[in-house]
Amino acid sequence: MNAVACKWKNETFEGFWFLTNFLREEGFQEKAVKTITEDLTKQYEIYRGVLGKLFTPHFVVSSLGSGSGANIDIFHPITQEKIGYVSFVINEDKNIEICPF
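Residues numbered from 1 in each chain as written. Predicted model: local features only at pLDDT ≥ 70, side-chain atom pairs only at ≥ 80, totals over all residues. Heavy atoms only, no water.

**Some thoughts on the overall build of the chain**
Here is step 1 of the chain: What the chain contains, in helices and strands, is two helices and five strands.
Here is step 2 of the chain: In summary, the chain has a C-alpha radius of gyration of 13 Å against a globular reference of 13 Å for 101 residues, a match within 12%.
Here is step 3 of the chain: Its C-alpha atoms put the chain at 45 × 25 × 25 Å along the principal axes.
Here is step 4 of the chain: Sequence-distant contacts, at least 24 apart, represent 48% of the contacts inside the chain between residues at least 6 apart.
Here is step 5 of the chain: Counting every atom, the chain has about 5,900 Å² of accessible surface; 57% of that belongs to carbon and sulfur.
Here is step 6 of the chain: In the chain, which carries 10 positive and 13 negative side-chain charges, the distance between the mean positions of the two groups comes to 3 Å. (Helix = DSSP H or I, 4+ residues; strand = E, 2+ residues; numbered from the N terminus. Rg over C-alpha atoms; globule rule 2.2 N^0.38 Å. Contact = heavy atoms within 4.5 Å. Areas by Shrake-Rupley, 256 points an atom, 1.4 Å probe, with all protein chains shown as cover. Lys, Arg positive; Asp, Glu negative; His and termini not counted. Charge placed at Lys NZ, Arg CZ, Asp CG, Glu CD.)

Laid out in structure tokens, this is it:
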């Protein structure tokens with residue numbers, strides 16, 4: 001069992017830069033960081049639309065139970081509307097597997 005995610009309790013970050021730095025500081029492999037940010041970026045782009053205004057989303061990182069699962073929710077900074085999320089399992093080597101829910 002990997003205890004990395006177990007210590008996360010609604011860690012909040014403003015913007016992709018702070019989120020990616022957090023994941024790197026937690027020791028995630030670069031491939032895992034890229035996979036997570038690409039997934040969240042797609043959701044952000046879909047929500048924003050082709051001609052939508054740019055904004056800095058907020059992210060909330062938390063563990064899923066007592067195992068090695070984690071969730072990152074993405075929110076609009078003003079309306080606090082949840083605009084997406086990614087759930088994943090953290091492997092022992094600090095790589096991840098996205099959960100297809």
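**A word on the pattern of salt bridges**
Here is step 1 of the chain: The full count for this structure, using the stated rule, is four salt bridges.
Here is step 2 of the chain: The partner of Glu30 in a salt bridge is Arg24, with the nearest N and O atoms 2.8 Å apart.
Here is step 3 of the chain: On the basis of relative accessible area, Arg24 is assigned to the partly exposed category, the value being 39%.
Here is step 4 of the chain: Asp73 is the salt-bridge partner of Lys82, the closest N and O atoms lying 3.1 Å from each other. (Salt bridge = Lys/Arg side-chain N within 4 Å of Asp/Glu carboxyl O. Buried < 20%, exposed > 50% of the residue type's maximum accessible area, 1.4 Å probe, protein only.)

**What to know about helix 2 (residues 30-48)**
Here is step 1 of the chain: Taking 1.5 Å of rise per residue, the 19 residues of helix 2 would be expected to cover 27 Å, and the 26 Å separating its terminal C-alpha atoms lies within 8% of that figure.
Here is step 2 of the chain: Restricting attention to buried positions, one finds in helix 2 the residues Ala32, Val33, Ile36, Thr37, Leu40, Gln43, Tyr44 and Arg48. Considered in projection along helix 2, the buried side chains sweep an arc of 135° and stay on one side of the axis. Exposed and facing more than 90 degrees away from the buried side of helix 2 are Lys31, Lys42 and Ile46.
Here is step 3 of the chain: Where helix 2 ends, the next residue or the one after it, Gly49, has phi of about 80°, a positive value. (Expected span 1.5 Å × (residues − 1). Arc of directions from axis to C-beta.)

**Points about unusual backbone geometry**
Here is step 1 of the chain: Although it is not a glycine, Asn10 sits at a positive phi angle of roughly 55°.
Here is step 2 of the chain: Mapped onto the fold, Asn10 is located in the segment before strand 1 (11-14).
Here is step 3 of the chain: By relative accessible area, which is 52% here, Asn10 ends up exposed.
Here is step 4 of the chain: Although it is not a glycine, Gln80 adopts a positive phi angle of roughly 60°.
Here is step 5 of the chain: Mapped onto the fold, Gln80 is located in the loop between strand 3 (69-75) and strand 4 (82-90).

Function cannot be read off these values alone, since they describe shape.
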